[in-house]
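Fold and contact review
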Amino acid sequence: MTAKSRSRFSLALDILNHGGLLIVALLFLFPFFWMVSNAVRGNAEVLAIPVRILPNVFEWDNFGKAWTQLPFGRFFFNSLFISSSVTVITVIVSCLSGYAFARLKFPGRETLLMAYLGTLMVPAIMLIIPLFLIVNSLGMVNTFQGVILPVAFGTFGAFLMRQFFLSIPMELEEAARIDGASRLRILVSIIVPLSMPAIGLLSLFTFIGQWNNFLWPLIVMTGSENATLPVGLTYFQTQSGTQWNFIMAGAALSMLPGVFLAILLQKLIYNSIALNAGMGGR
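Residues numbered from 1 in each chain as written. Predicted model: local features only at pLDDT ≥ 70, side-chain atom pairs only at ≥ 80, totals over all residues. Heavy atoms only, no water.

Concerning the overall build of the protein
Scanning the protein for helices and strands turns up 15 helices and two strands. Taken over the C-alpha trace, the protein has a radius of gyration of 24 Å; the compact-globule value for 282 residues is 19 Å, which it surpasses by more than 25%. Its C-alpha atoms put the protein at 80 × 70 × 30 Å along the principal axes. Taking all 282 residues of the protein together, the buried fraction comes to 36%. Once local pairs closer than 6 in sequence are excluded, the contacts in the protein between residues at least 24 apart make up 71%. Averaged over its 16 positive side-chain charges, the protein has a centre that lies 8 Å from the centre of its 10 negative ones. (Helix = DSSP H or I, 4+ residues; strand = E, 2+ residues; numbered from the N terminus. Rg over C-alpha atoms; globule rule 2.2 N^0.38 Å. Buried < 20%, exposed > 50% of the residue type's maximum accessible area, 1.4 Å probe, protein only. Contact = heavy atoms within 4.5 Å. Lys, Arg positive; Asp, Glu negative; His and termini not counted. Charge placed at Lys NZ, Arg CZ, Asp CG, Glu CD.)

Encoded structure:
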């Protein structure tokens, strides 16, 4: 095969690869496009047959109506407060527990770690009733702490941070200990700054997971004043009918914080790949 033929073959292969990636990307993006398309049309047209990809009339004011028809601002604040609080607590607890499992040597560490990781195999739905009974006995039903605390101490974050801490060279910590730094000082001043990519990834996963959480806030919270966005969107379903266009408009608005956070942390997430590839810790 000549050089010219190889060049043409390589070009054709690149076109096929990019074409396949484009098709897959369009398949993943279509549900979001369909959500926005239904958000800017009349409610009757949402269920009209035959189905139209684009509405006959673009009703852009559906976003404003969805925001004002219900206390959408309150829903937004509740979700933001709960998601941010869970994220902050999860990151702090995960860093502390991850460092203990990665660096501290104590009897039964590996056994405790395996038992800790074993909780990941328990379906979350099985914990709903026991958690609610505990929250109810503590008098935290219909309170923010009742929603935040039971889900803020997860196993995944501790495991993620432990694995990342193991990739950081031990020599850095040994040098700090020779200089007289305590364990906590080493964690705060050395380990955490080097682990910002993993912390950014954990923050993104935790925030989006809690932002989209529907079942637990629905069980613990009562009334529209304390409802989160996923629960608040169900208030568009009434006895007189379901306002599907407003549900789609509200869902589109509720996506914005997650998209903004993903864009904000994108560089940190990419850096985590490069940092893991370049550091050979133990």
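The discussion continues.
Concerning the packing of aromatic side chains
Considering all chains together, one arrives at 15 aromatic pairs under this definition. Summarising the aromatic geometry, the rings of phenylalanine 77 and phenylalanine 81 are spaced 6.1 Å apart at their centres and angled 20 degrees between planes, so their arrangement reads as stacked. Here phenylalanine 77 pairs with phenylalanine 81, and both are found in helix 4 (residues 72-103), just four residues apart, close to one helical turn. These aromatic residues form a ring-pair network of at least three members: Trp67, Phe72, Phe75, Phe76, Phe207, Trp211 and Tyr235. (Phe/Tyr/Trp six-rings, centres within 6.5 Å; stacked < 30°, edge-to-face > 60°.)

Structural notes on helix 11 (residues 196-211)
The end-to-end C-alpha separation of helix 11 is 22 Å, in line with the 22 Å expected for 16 residues at 1.5 Å each. The set of residues buried in helix 11 consists of Pro197, Ala198, Ile199, Gly200, Leu202, Ser203, Leu204, Thr206, Phe207, Gln210 and Trp211. (Expected span 1.5 Å × (residues − 1).)

Things to note about a nonpolar patch on the surface
Residues Val122, Ile125, Met126, Leu127, Phe214, Leu215 and Leu218 make up a contiguous nonpolar surface patch of about 600 Å² in total accessible area. As for its placement among the helices and strands, leucine 215 is situated in helix 12 (residues 215-220). Residue leucine 215 is classed as partly exposed on the basis of its relative accessible area of 33%. (Patch = residues over 30% accessible without salt bridge, like charges linked within 9 Å, V, L, I, M, F, W, Y side chains within 5 Å. Areas by Shrake-Rupley, 256 points an atom, 1.4 Å probe, with all protein chains shown as cover. Salt bridge = Lys/Arg side-chain N within 4 Å of Asp/Glu carboxyl O.)

What to know about the layout of surface pockets
Its volume calculated, the largest pocket comes out at about 750 Å³. Lining the largest pocket are 26 residues, and of these Ala124, Val151, Gly154, Thr155 and Gln210 sit closest to its centre. Sorting the residues of the lining of the largest pocket by element identifies helix 4, helix 6 (128-137), helix 8 (155-166), helix 11 and helix 12 as the ones contributing at least two each. Examining the composition of the lining of the largest pocket, we find that five residues originate from one element, helix 11, more than from any other. (1 Å grid on protein atoms, 1.4 Å probe; cavity = no way out; pocket = protein on both sides within 12 Å on 5 of 7 lines; lining within 4 Å. Points joined across faces, edges and corners; volume = space filled by probe spheres on them.)

What to know about empty space enclosed by the protein
For the coordinates displayed, the defined rule picks out one cavity of 30 Å³ or more. In this structure, the largest cavity occupies an estimated 30 Å³ of space. In terms of lining, the largest cavity is formed by Ile82, Val147, Gln210, Asn213, Trp216, Pro217 and Thr228. In terms of residue class, the lining of the largest cavity is made up of four nonpolar, three polar and no charged. (Nonpolar A, V, L, I, M, F, W, Y, C, P; charged D, E, K, R; others polar.)

Re the packing of helix 10 (residues 183-194) against helix 11
The interhelical angle for the contact between helix 10 and helix 11, taken along N-to-C directions, is 70 degrees, at an axis separation of 5 Å. It follows that helix 10 is roughly perpendicular to helix 11 by the angle criterion. Mapping the contact onto sequence places Val192, Pro193 and Leu194 in helix 10 and Met196, Pro197 and Ile199 in helix 11. Of the residues assigned to the contact of helix 10 with helix 11, the class counts are six nonpolar, no polar and no charged. (Axes fitted to C-alpha atoms, helices over the stretch in contact; angles between N-to-C directions. Parallel < 35°, antiparallel > 145°, perpendicular 65-115°, else oblique.)

Focus on the confidence of the model for the protein
For the protein, the mean per-residue pLDDT works out to 83, and 91% of the residues sit at or above 70. Considering only residues more than four positions removed or in separate chains, one finds that residues 277-282, a stretch of pLDDT under 50, has 13 contacts. (pLDDT = per-residue confidence, 0-100.)

Some details on the side chain of serine 83
Within the fold, serine 83 resides in helix 4. The class of serine 83 is buried, set by a relative accessible area of 1%. In this structure the side chain of serine 83 is engaged in a polar contact, spanning 2.8 Å, whose partner is the backbone oxygen of serine 79. If we ignore the near neighbours within four places in the chain, the residues touching serine 83 are Phe207, Gln210 and Trp211. (Polar contact = N/O pair within 3.5 Å; in protein donor to acceptor, adjacent residues only side chain to side chain.)

Side note on the pattern of salt bridges
Evaluation of the coordinates by the stated rule reveals four salt bridges. Note that arginine 103 is salt-bridged to glutamate 173, the shortest N-O span being 2.8 Å. Of this pair, arginine 103 sits in helix 4 while glutamate 173 sits in helix 9 (residues 170-178), and the two are 70 residues apart along the sequence. Each member of the pair, arginine 103 as well as glutamate 173, carries the same accessibility label: buried. A cluster of three or more residues bridged by salt bridges with shared partners is formed by Arg103, Glu173 and Arg183.

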